[in-house]
Amino acid sequence: DRVLARNPSQGVRMTYDTQSVHTLYADHEYLWSRGFTNTSPIAAMEDTWTDATFAVAKDQYWRLAGAVLDRMRAGDMRQVGFLSKYIGRLHSQQQRLRIPCGVCGGYIGVSVDGTLYPCQRFAAADACAFGSIWELQNKDLRRRFLTFTSSQLKGCDGCPAQRDCAGGCPAINVLCAGDLATPWPTQCTLIRMEHEAAAWLYEQLVEECNPLLEKLLKSSRQTRGRQQSQPTCEPVGAAAGRPSPAP
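Structural notes, computed from the coordinates. (Residues numbered from 1 in each chain as written. Predicted model: local features only at pLDDT ≥ 70, side-chain atom pairs only at ≥ 80, totals over all residues. Heavy atoms only, no water.)

What to know about the environment of G66
Here is step 1: Residue placement: G66 occurs in helix α3 (residues 51-73).
Here is step 2: Here G66 falls in the buried class, since its relative accessible area comes to 15%.
Here is step 3: Each C-alpha atom, one on G66 and one on A197, is 8.9 Å from the other, the two residues being 131 residues apart in sequence. (Helix = DSSP H or I, 4+ residues; strand = E, 2+ residues; numbered from the N terminus. Buried < 20%, exposed > 50% of the residue type's maximum accessible area, 1.4 Å probe, protein only.)

This is the structure:
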């Protein structure tokens, strides 16, 4: 209560894994009941996911999308990180997302002994260290991260989320798949399911001309600060013409 009193729009980042994914929707209901309206659920991609836990995750994503729609119909704004992100991308009609994040550029990881890593998720992965705060080393490794773009990814052709995804978390790809350009299959499956739920929600909001859609788009990182078309009553971009499975 004191946090929200100081910052009513305070966001909550939450990490879930195969053991806790079944409570993802319930966790959001609890946070919403306490007044939090902005959440960023992040999956532990390095966990051992199975067909059964993927199915649970898909069910939770669709329940979240349905709950957000119900609240926005009632004039109550709710933002769930992956839903807002992909809705922003779907509406923007931009070209394929080029880079996944600010890894090795916009931010880096620094260990307690001063060792530098591409980001904090590489901590203790000595093969990925590129020097220290006193001396920059392994410049080729850092350059590899800085020059990497989604065009170098392998096996993405035909993926419905391709335009709006840049391969997911680079740390997961390197540490789990062994290669920056090789998307980790677990990550791909979860991203596709997130994207599908977001596309459905976007279509519903557009079809209903929901007045909160413009507010959601303005707050999305994918559209913030960019010239955007105004929301219309017709889907645009990759969502147009997509069949809409019921959640």
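So, the sheet that holds strand β1 (residues 11-16)
Here is step 1: Strand order in the open sheet formed by 3 strands is β1-β2-β3, with parallel pairing between adjacent strands. Of all strands in the sheet, those bounded by a partner on one side alone are β1 and β3 (79-80).
Here is step 2: As paired strands, strand β2 (residues 38-43) and β3 are joined by 2 bridges and run parallel to one another. Bridge pairing links T39 to V80 in β3. (Pairing = 2+ DSSP bridges.)

Looking at the environment of R121
Here is step 1: The residue R121 is located in the loop between β5 (116-117) and α5 (139-147) in this model.
Here is step 2: According to the relative accessible area criterion, R121 is partly exposed, its value standing at 33%.
Here is step 3: When neighbours within four sequence positions are excluded, R121 is seen to be in contact with E46, C169, A171, I172 and L175.
Here is step 4: In this structure the side chain of R121 is engaged in a polar contact, spanning 3.2 Å, whose partner is the side chain of E46. (Contact = heavy atoms within 4.5 Å. Polar contact = N/O pair within 3.5 Å; in protein donor to acceptor, adjacent residues only side chain to side chain.)

A short note on the pattern of salt bridges
A side chain with one charge can pair with a side chain of the opposite charge if their charged atoms come near.
Here is step 1: The tally for this structure, following the rule as stated, stands at 12 salt bridges.
Here is step 2: Between E208 and R73 there is a salt bridge, with its nearest N and O atoms 2.6 Å apart. Placement of the pair is E208 in the loop between α7 (185-207) and α8 (213-219) and R73 in helix α3, with a sequence separation of 135 residues.
Here is step 3: Residue R73 is classed as partly exposed on the basis of its relative accessible area, which comes to 48%.
Here is step 4: Note that D164 is salt-bridged to R89, the shortest N-O span being 3.3 Å. Pair noted here: D164 is in the loop between α5 and α6 (170-177) and R89 is in helix α4 (residues 81-92), with a separation of 75 residues, a long-range link. Considered together, D164 and R89 belong to a single accessibility category, that of buried residues.
Here is step 5: Linked through salt bridges whose partners overlap, the residues forming this network are D70, R73 and E208. (Salt bridge = Lys/Arg side-chain N within 4 Å of Asp/Glu carboxyl O.)

Considerations on the packing of aromatic side chains
Here is step 1: Per the stated rule, a full pass over the model turns up 5 aromatic pairs.
Here is step 2: When the ring of W62 is compared with that of W200, the centres are 5.6 Å apart and the planes differ by 65°; the resulting orientation is edge-to-face. Taken together, the residues W62 in helix α3 and W200 in helix α7 connect sequence positions 138 residues apart. For the pair W62 and W200, one class covers both residues: buried.
Here is step 3: Ring centres 5.6 Å apart and planes at 85° place the aromatic pair F122 and F145 in the edge-to-face group. Here the residue F122 occupies a position in the loop between β5 and α5, and F145 occupies one in helix α5, the gap between them amounting to 23 residues.
Here is step 4: The exposure class of F122 is buried, given its relative accessible area of 0%. (Phe/Tyr/Trp six-rings, centres within 6.5 Å; stacked < 30°, edge-to-face > 60°.)

A word on unusual backbone geometry
Here is step 1: Although it is not a glycine, C104 adopts a positive phi angle of roughly 70°.
Here is step 2: Looking at the element boundaries, C104 is found in the loop between α4 and β4 (109-110).
Here is step 3: Relative accessible area serves as the criterion here: at 0%, C104 is assigned to the buried category.
Here is step 4: Here N138, not a glycine, exhibits a phi torsion of approximately 45°, which is positive.
Here is step 5: Tracing the chain through its elements places N138 in the loop between β5 and α5.

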